[in-house]
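A closer look at the structure
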Amino acid sequence: AQTVTQSQPEMSVQEAETVTLSCTYDTSESNYYLFWYKQPPSRQMILVIRQEAYKQQNATENRFSVNFQKAAKSFSLKISDSQLGDTAMYFCAFMKQFGANNLFFGTGTRLTVIP
Amino acid sequence: DAGVIQSPRHEVTEMGQEVTLRCKPISGHDYLFWYRQTMMRGLELLIYFNNNVPIDDSGMPEDRFSAKMPNASFSTLKIQPSEPRDSAVYFCASSSFGRPAPPSGGLDGEKLFFGSGTQLSVL
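Just so it is clear, the structure is predicted and the values come from calculations on it, not from any experiment.

1. A short note on the sheet that holds strand β8 (residues 74–79) of chain B
Residue and element names in this part refer to chain B. The sheet built from four strands is open, its strands ordered β1-β3-β8-β7 with antiparallel pairing. In this open sheet, the two strands that pair with only one neighbour each are β1 (5–7) and β7 (65–71). Averaged over all adjacent pairs, the angle separating strand axes in this sheet is 15°, with direction ignored. Pairing analysis gives five bridges linking β7 to β8, with the strands arranged antiparallel. Bridged to Ser66 within β8 is Lys78.

2. What to know about the state of the cysteines
One pass over the structure, following the stated rule, counts two disulfides over all chains. Here A:Cys23 connects covalently by a disulfide to A:Cys92, the sulfurs 2.0 Å from one another. Taking the sign of the S-S torsion, about -70° here, the bridge from A:Cys23 to A:Cys92 comes out left-handed. Taken together, the positions of A:Cys23 in the loop between β3 (19–21) and β4 (24–26) and A:Cys92 in strand β10 (residues 88–96) put the pair 69 residues apart, joining distant regions of the chain. Each of the two residues, A:Cys23 as well as A:Cys92, counts as buried. Here B:Cys23 connects covalently by a disulfide to B:Cys92, the sulfurs 1.9 Å from one another. As the torsion about the S-S bond is roughly -65°, the B:Cys23-B:Cys92 disulfide counts as left-handed. You can see B:Cys23 sitting in strand β3 (residues 19–24) and its partner B:Cys92 sitting in strand β9 (residues 88–95), a full 69 residues away along the chain. We classify B:Cys23 as buried; its relative accessible area is 1%. Look at B:Cys92 and you get buried, because its relative accessible area is 0%.

3. Examining the pattern of salt bridges
For the coordinates displayed, the defined rule picks out 12 salt bridges over all chains. Between A:Lys73 and A:Asp26 there is a salt bridge, and its shortest N-O distance comes to 3.6 Å. Highlighted residues: A:Lys73 in the loop between β8 (64–69) and β9 (74–79) and A:Asp26 in strand β4, separated in sequence by 47 residues. Among the residues examined, A:Lys73 registers a relative accessible area of 25% and is labelled partly exposed. We classify A:Asp26 as partly exposed; its relative accessible area is 43%. Between B:Glu44 and B:Arg36 there is a salt bridge, and its shortest N-O distance comes to 3.1 Å. We note that B:Glu44, like B:Arg36, is buried. Residues joined by salt bridges that share partners form a network here, namely B:Glu62, B:Arg64, B:Glu83, B:Arg85 and B:Asp86.

Scoring rules and cut-offs
Residues numbered from 1 in each chain as written. Chains lettered and ligands numbered in written order. Predicted model: local features only at pLDDT ≥ 70, side-chain atom pairs only at ≥ 80, totals over all residues. Heavy atoms only, no water. Pairing = 2+ DSSP bridges. Helix = DSSP H or I, 4+ residues; strand = E, 2+ residues; numbered from the N terminus. Axes fitted to C-alpha atoms, helices over the stretch in contact; angles between N-to-C directions. Disulfide = S-S within 2.5 Å. Buried < 20%, exposed > 50% of the residue type's maximum accessible area, 1.4 Å probe, protein only. Salt bridge = Lys/Arg side-chain N within 4 Å of Asp/Glu carboxyl O.

Put into structure tokens, the structure is as follows:
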């Protein structure tokens, strides 16, 4: 079975600063995908960034980047130059490459960007 | 494309009533997922379909829950009879997983696109 753990229920960061959200996972799969989803107060689930496990290079999307450590089964999200609009719940998620194609979610980290 | 469309956005009902949640996936997507989000349990998968066929319904909590996908553009999640503990946000998501194995392609097929959710309150 796959499990995803987010050990930081809440975090805060000053506007324009950098923050890192942690995520670890447990799986016996060798190939899989990892995701970070953002859920603002509007409730919409928005894909922030995605990483393929077979790629060693860390994914980057503008101000968002990940630190993927496959051996450690760690997948942290770094948000640079934090903006007020980044205030949201952030969910780490796992998907097997083959077989069941559903997402396994962590419990989320509530991020507040302080002006 | 308008994205995944769910209705209603909010539903308030009384215990014992039947509730039907609706979802229209993104055109061309062959996978559809129903998730439930609660404070206690977070996001949990209820059921998912591939090409309108239910693949895994092990997350459906009990017989009061049922889901159908009569065609590629419509799915329903029904609760009958509803109970207060069913109160949650129900998300529908779709994706297109018909992709070749990496590294040759399929970079976007594994992305799930979510609807705006239905906030269900059972009184």
